[in-house]
Amino acid sequence: MKAVSCLNSTLEVIDLPSPRPAEGQLVLDVLRCGICGTDLHAKDHADELTEMLANVDYTDFVRSDTPVVMGHEFSGVVADRGRKVGKEFAPGTTVVTFPLLRAQGGVHLTGLSPKAPGAYAEQVLAEASMTFVVPNGLDPATAALTEPMAVAYHAIRRSEISRKDVAVVLGCGPVGLAVICQLKARGVGTIVASDFSPGRRALALRCGADIVVDPAVDSPYDAVPAKQRGMTTMPALYELGVGSMEKLRRLPGWSHLYRAVDSLGATAPKRPVIFECVGVPGMIDGVIGAAPLASRIVVVGLCMGVDKFRPAMAIGKEIDIRFVFGYTPLEFRDTLHMLADGKLDASALVTGTVGLDGVETAFQALGDPEKHAKIMIDPASAATAP
């Protein structure tokens, strides 16, 4: 079969033996595979990623000196199946797969390990236990968005955002756009999106952002409606505290009233939930410094460099920081069904398609934020440019 191999930052179409399924596994004919930002990082910075994951005892991640077939965002058709695979996965069934594979004595990241070749290929192996039938005739390109949209869904759930909260999304690349789509599906009333790129700001509006901001001109926090903006200075907080107590202490049993109001969450200052989707050094510290008091920051962007921030600033402002990674099998399944049921609209993300011979060109094109968000690979296509 044809596949795209990455070795020493070079992408090349090569011939590989067709995969054969082990017990509990499927062979899929790949319909579509998305190019992920992690793939872009892995092509040129594989060893940095490998070193990071080695700290959590995963030593089989992609390496620059070892050929790997990338691709972990994919849809496909069942072509073959191993023993003990359920009848739901009959040949010809369209599916998507949570990208983990049993191989060579362990479980590996499909498309991000040389031991688990991915879907930049005509065929790919999948675990039946981690595979889900595509419902409602969902088209292959949208089905292949299940994986990146599940990343965003996990981030939204971890944020504990409510419909009444204001969301501020910093960075409108594929990750930020996916987060906006999920926020819209969740019914969040006010979504502010910030990006330097006019093209990405336009896509953010298509994905459901209510307000878009060029951070070179305006602050995304100032764009939040005044009633929902929250406090940005310590003197304002101190004045609120003293002023409120001056009023409360005039009432008999003031502590009981205070306690009742506090139990309802009404004493906490208004604050946005901020999704950091840029992933470059300095972003976290910049957000801590600029965000309103008591803001919650959800870090979704993958920063490859060493970073630092000022703990005293975060402490003084009582900033809540949460880091997110991946998703659960249930979140993956639920994301697929949200796409198939029309509850989640991610149509704006796909901006181009190439065949296997166009993957290198697609990687280059994704370096220009004005032209593309998500480029899909269709192994059956002859297109060499998106």
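If you check an unreviewed UniProt entry, the protein appears there as Sorbitol dehydrogenase from Mycolicibacterium hippocampi.

Peer 1: I'm lost on helix 3 (residues 146-159) in this one. Help?
Peer 2: Working note: α-helix, 3.6 residues per turn, so residues spaced by three or four point in the same direction. Here helix 3 is 14 residues long and its end C-alpha atoms lie 20 Å apart, about the 20 Å a rise of 1.5 Å per residue gives. With eleven of 14 residues buried, helix 3 is to be regarded as a mostly interior element. Turning to helix 3, its buried residues number three or more, namely Thr146, Glu147, Pro148, Met149, Ala150, Ala152, Tyr153, His154, Ala155, Ile156 and Ser159. Trailing helix 3 by a residue or two, Glu160 shows a phi angle of about 55 degrees, which is positive.

Peer 1: In this structure, what is going on with the pairing of strand 6 (residues 100-103)? I would like to understand it.
Peer 2: A regular strand places its side chains so that they alternate between the two faces of the sheet. Residue alternation in strand 6 divides its side chains into a buried set, Leu101 and Ala103, and an unburied set, Leu100 and Arg102. Between the antiparallel neighbours strand 6 and strand 7 (residues 106-109) lie two residues, among them Gln104 with a positive phi of about 50 degrees.

Peer 1: For this particular structure, what's the right way to read the nonpolar core?
Peer 2: Soluble, globular proteins show a tendency: their nonpolar side chains are buried together. Membership of the largest hydrophobic core comes to 50 residues, with the highest contact counts inside it found for Leu177, Ile180, Leu183 and Phe275. When residues of this core are traced back to their parent elements, those giving at least two are helix 3, strand 10 (166-170), helix 4 (174-186), strand 11 (190-194), helix 5 (198-207), strand 13 (273-276) and helix 10 (329-340). A domain split of this core shows at least three residues from each of domain 1 (2-133 + 346-377) and domain 2 (149-323). Other than its neighbours up to four places away in sequence, Phe275 contacts Ala155, Ile156, Ser159, Ile161, Ala167, Val168, Val169, Leu170, Val179, Leu183, Val298 and Val300. Cys6, Phe89, Leu366 and Ile375 belong to the second-largest nonpolar core, a separate cluster that totals 41 residues.

Peer 1: Whenever I open this one, the pattern of salt bridges confuses me. Can you help?
Peer 2: Pairing of side chains with opposite charge becomes possible as their charged atoms draw close. Per the counting criterion, the structure on display carries 16 salt bridges. Asp65 is the salt-bridge partner of Arg63, the closest N and O atoms lying 3.5 Å from each other. Salt bridges sharing partners connect three or more residues here, namely Glu160, Arg296, Asp320 and Arg322.

Peer 1: Could you clarify how one ought to interpret a nonpolar patch on the surface in this entry?
Peer 2: Taken together, Leu237, Tyr238 and Leu240 make up a surface patch of nonpolar side chains, about 280 Å² in accessible area. Along the chain, Leu237 turns up in helix 6 (residues 234-248). Looking at Leu237, the relative accessible area reads 32%, which means it is partly exposed.

Peer 1: Is there a simple way to explain the environment of Gly367 in this structure?
Peer 2: Structurally, Gly367 can be placed in the loop between helix 11 (359-365) and strand 17 (374-377). Once the C-alpha coordinates of Gly367 and Leu40 are considered, the two residues, 327 residues apart in sequence, prove to be 9.2 Å apart.

Peer 1: Quick question: what am I supposed to make of the packing of aromatic side chains here?
Peer 2: Tallying each qualifying case throughout the model produces six aromatic pairs. Seen in terms of ring centroids, Trp254 and Tyr258 are 6.4 Å apart; in terms of plane orientation they differ by 50 degrees. Their pairing is tilted. On the criterion of helical spacing, the pair formed by Trp254 and Tyr258 is a turn pair, its members being four residues apart in helix 7 (residues 254-263). Among the residues examined, Tyr258 registers a relative accessible area of 36% and is labelled partly exposed. On the numbers, 5.7 Å between centres and 35 degrees between planes, the contact of Tyr327 with Phe332 is tilted. One exposure class covers both Tyr327 and Phe332, and it is buried. The structure contains a cluster of three or more aromatic residues connected by ring pairs, namely Phe98, Phe132, Tyr327 and Phe332. Between Arg157 and the ring centre of Tyr153, over which it is positioned, the NZ or CZ distance is 6.0 Å.

Cut-off values and rules
- Residues numbered from 1 in each chain as written.
- Predicted model: local features only at pLDDT ≥ 70, side-chain atom pairs only at ≥ 80, totals over all residues.
- Heavy atoms only, no water.
- Helix = DSSP H or I, 4+ residues; strand = E, 2+ residues; numbered from the N terminus.
- Expected span 1.5 Å × (residues − 1).
- Buried < 20%, exposed > 50% of the residue type's maximum accessible area, 1.4 Å probe, protein only.
- Pairing = 2+ DSSP bridges.
- Core = buried A, V, L, I, M, F, W, Y, C linked by side-chain atoms within 4.5 Å.
- Domains from an automatic or database assignment.
- Contact = heavy atoms within 4.5 Å.
- Salt bridge = Lys/Arg side-chain N within 4 Å of Asp/Glu carboxyl O.
- Patch = residues over 30% accessible without salt bridge, like charges linked within 9 Å, V, L, I, M, F, W, Y side chains within 5 Å.
- Areas by Shrake-Rupley, 256 points an atom, 1.4 Å probe, with all protein chains shown as cover.
- Phe/Tyr/Trp six-rings, centres within 6.5 Å; stacked < 30°, edge-to-face > 60°.
- Lys NZ or Arg CZ within 6 Å of the ring centre and 35° of its normal.

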